[in-house]
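These are the residues of each chain, in order.
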There are 2 protein chains.
Amino acid sequence: MAQNEFAIIQQYFADVGKPGDNTVLAIGDDAAVVEVPPGFQQVVSMDTLIEGAHFTLDTNPEDIAHKALAVNLSDLAAMAAAPNWFLMSLSLPEVDEQWLQRFSTGLKHTAERYSVQLIGGDTCRSKLSISIQIAGLVPSGQYVSRAGASPGDLVLVSGLLGNAGLGLASRQGRVELPEGLRLRCLQALDRPQPRLELVAFLRSFASAAIDISDGLQGDLAHILKASQCGATLDRSSLPVDPWIVQQDLYHYALAAGDDYEICCTVPPQYRAEIDAWNQQHEDCRLTIIGEITSSGFYLKVGDDQIDLASKGGYRHFD
Amino acid sequence: MAQNEFAIIQQYFADVGKPGDNTVLAIGDDAAVVEVPPGFQQVVSMDTLIEGAHFTLDTNPEDIAHKALAVNLSDLAAMAAAPNWFLMSLSLPEVDEQWLQRFSTGLKHTAERYSVQLIGGDTCRSKLSISIQIAGLVPSGQYVSRAGASPGDLVLVSGLLGNAGLGLASRQGRVELPEGLRLRCLQALDRPQPRLELVAFLRSFASAAIDISDGLQGDLAHILKASQCGATLDRSSLPVDPWIVQQDLYHYALAAGDDYEICCTVPPQYRAEIDAWNQQHEDCRLTIIGEITSSGFYLKVGDDQIDLASKGGYRHFD
């Protein structure tokens, strides 16, 4: 794609996101040049979406662009970092101008909404895949990692769990959903919303955090491993659509992925701050789903306890 | 690859390159955390190598790893930045432990040699491709971009031009090379050496720089466009293997790519510094190949002048 690479970048990607104060040199040289202001650390992450594995060719180009950027923004949210800039490597099987126009529109929309600028990258000709490397800023020492949870901390999740997994199952014909729910679930799958509104809350109150990309069970296990502790969750507390309760399909909430909600742990003395958050953030409520313990990983179901630490403790999704 | 992803990262990629002073948190969380010391700017770039387009499946895994990192290091060299850290997104068609072991060994070797640490990334299952995002540091304001060349500046290139292109042509059976030259050309193709030794020279003396990935003609044209000036080169000055002169195969030096040498422009008052450099750097000599002019892009061949600005001005390689 050497011949067209520069033209493609100029036409579709030279103007994605507003220039930030920290960008010295953006697209158009061997590399971009950025500043990190005194007193800040930079948080960097990289995630790739590949046709076949993460989306199908008939997915809206706008949605592909949104999701490729959103899953990276979600990693920043989980570290309590504010988005700054990103680089993108785009592989395309052919130069389809209509597809590029729609992909570029979707990318611009999401980049502007979350105040992040595309400052470089490359394009090549291959199977469709989008690799994005993102960088954010956090006041020095205020990032939130997976290590830091202590026994007694509350376990919280944002939003609803399981809808993205249901959306995928519905699209693949593995489940039949009521029409309204089906649309909400496809929306959750195709247009995940990175929870950047939580950044300030996490910096102030969270002891550990992760974004839920592989399912609550697996992702919380990463926090437990990094923090060297355990947890007990209460199934009846899980924030799920009522239909999941009715149909007893909790495994979508526990072991399906793609929710991109934030799971975090918060010391119990901040209960009032959690309540205050929820009163002010109807669209990004935090639900207490359990507690950090010294060891073990359990789910309370009525009077029973399921061992989530044993492999396949909860019914695995795939 | 969700099941094996964490194991693969832990086994093969947790320990690539030595931790730098500026790395706060490396592999193992949602994102890595880095510092940029006061008085420095960060230079960031991203390049992808894809099987089929950039290498074949029978290429040594060590060489693939080296080249994937080297082409990114070369972008830093062209900006006069010192390497700091990198992220990698690795797509694999299957989990081949022997291949991974060799790839990892090659990556570690090159990362240590150039003092750069792998601090994060992801793996997924797809056609083999390696996307690397690299970051380096430069004292604030001392980066060298493509814009900055002025009429009268000397045009320089490092090393030899055309050998990588000859190596590819030889491997594809398009040219027959003498055995010694064939080995050197394959080495140039598979093991390009990023010219990081030039970083200090470029900061002190260069007005513009670029690394030669697409061929001298095309890449110097980027400098001319960004600097709004022209150039006249002298074909007899091009640093090439004597065989290229004998066979009149200069197009490999002008229009083949993959050399990863540095092309830079230097004001003429620094001729003595160029000579001093060459006396001390036998392995990375700088050759003066022409001069920046106010407009036009020409190659002197004896008493003739070839117009390099017209499309296909020199015989195109592919």
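Numbering of residues starts from 1 in every chain and runs along the sequence as written. By the order in which they are written, chains take letters starting at A while ligands take numbers starting at 1. Selection of residues for local features in this predicted model requires a pLDDT of at least 70, selection of side-chain atom pairs for listing and counting requires 80 or more, and totals for whole chains, interfaces and linings are taken over all residues. Hydrogen atoms and water are omitted, and side-chain values are computed over all heavy atoms in the structure.

Observations regarding the overall build of chain A
Definition in use: Only runs of H or I of at least four residues qualify as helices and only runs of E of at least two qualify as strands under DSSP, and these elements are numbered from the N terminus. For the radius of gyration, the atom set is restricted to C-alpha positions; the globular benchmark scales as 2.2 Å times the number of residues to the power 0.38. Residue contacts are counted whenever heavy atoms from the two residues lie within 4.5 Å of one another. Calculation of accessible area relied on Shrake-Rupley with a 1.4 Å probe; when residues are assessed, cover is drawn exclusively from the protein chains displayed. Counted charges follow a simple rule, with Lys and Arg positive, Asp and Glu negative, and His plus the chain ends left uncounted. Lysine's charge is taken at NZ, arginine's at CZ, aspartate's at CG and glutamate's at CD.
Summing up its helical and strand segments, chain A has ten helices and 13 strands in all. Computed over C-alpha atoms, the radius of gyration of chain A comes to 20 Å, within 12% of the 20 Å expected from 2.2 N^0.38 for 318 residues, which places it in the range of a compact globule. Contacts in chain A between residues far apart in sequence, at least 24 positions, make up 84% of those at least 6 positions apart. Surface exposure of chain A reaches about 12,800 Å², of which carbon and sulfur atoms provide 45%. Computed over 22 positive and 40 negative side-chain charges, the separation of the two mean positions in chain A equals 3 Å.

Considerations on the sheet that holds strand 3 (residues 40-50) of chain B
The condition is simple: Whether two strands pair depends on DSSP finding at least two bridges between them. Geometry is summarised by axes, namely lines fitted to C-alpha atoms with helices restricted to the contacting stretch, and by angles between N-to-C directions that run from 0 to 180 degrees.
One open sheet accounts for six strands, arranged 1(A)-2(A)-3(B)-6(B)-4(B)-5(B); its pairing is mixed. The sheet terminates laterally at strand 1 (23-25) of chain A together with strand 5 (117-125) of chain B, the two strands that pair on one side only. Here the average twist between neighbouring strands, direction ignored, is 20°. Where strand 4 (residues 82-92) of chain B meets strand 5 of chain B, eight bridges bridge the pair, whose relative direction is parallel. If you follow L87 of chain B over to strand 5 of chain B, its bridge partner there is G120 of chain B. Docked against the sheet, helix 2 (residues 61-79) of chain B engages strand 1 and strand 2 (32-34) of chain A together with strand 3, strand 4 and strand 6 (129-139) of chain B, running at close to 145° with respect to strand 3 of chain B. Here helix 3 (residues 97-113) of chain B sits on the sheet in contact with strand 4, strand 5 and strand 6 of chain B, set at roughly 170° to strand 4 of chain B.

Section: the relation of the copies chain B and chain A
Test applied: Only residues with pLDDT of at least 70 in both copies contribute their C-alpha atoms to the least-squares superposition of the copies.
Superposing chain B onto chain A takes a rotation of 180° plus a shift of 0.0 Å along the axis, which leaves an RMSD of 0.0 Å. Here the symmetry operator amounts to a two-fold rotation axis. The overlap is high: 100% of the interface residues of chain B also sit at the interface in chain A, so the same surface is used on both sides.

Quick notes on the pattern of salt bridges
Formally: Within this document, salt bridges are pairs made up of a side-chain nitrogen of Lys or Arg and a carboxyl oxygen of Asp or Glu, the two lying within 4 Å of each other. Buried means the residue's accessible area, taken with a 1.4 Å probe over protein chains only, is under 20% of the maximum for its type, while exposed means over 50%, and partly exposed covers the values in between.
Counted by the stated rule, this structure contains 22 salt bridges over all chains. R184 of chain B is the partner of D241 of chain B in a salt bridge, and the nearest nitrogen-oxygen pair spans 3.0 Å. Pair noted here: D241 of chain B is in the loop between strand 9 (230-234) and helix 8 (242-247) and R184 of chain B is in helix 5 (residues 179-190), with a separation of 57 residues, a long-range link. A salt bridge links D248 of chain B to R235 of chain B; the shortest N-O distance between them is 3.5 Å. Here D248 of chain B, found in the loop between helix 8 and helix 9 (251-255), pairs with R235 of chain B, found in the loop between strand 9 and helix 8; they are 13 residues apart in sequence, far enough to count as distant. Its relative accessible area of 43% is what places D248 of chain B among the partly exposed residues. Beyond isolated ion pairs, a larger network of salt bridges with shared partners links D29 and D30 of chain A together with R146 of chain B.

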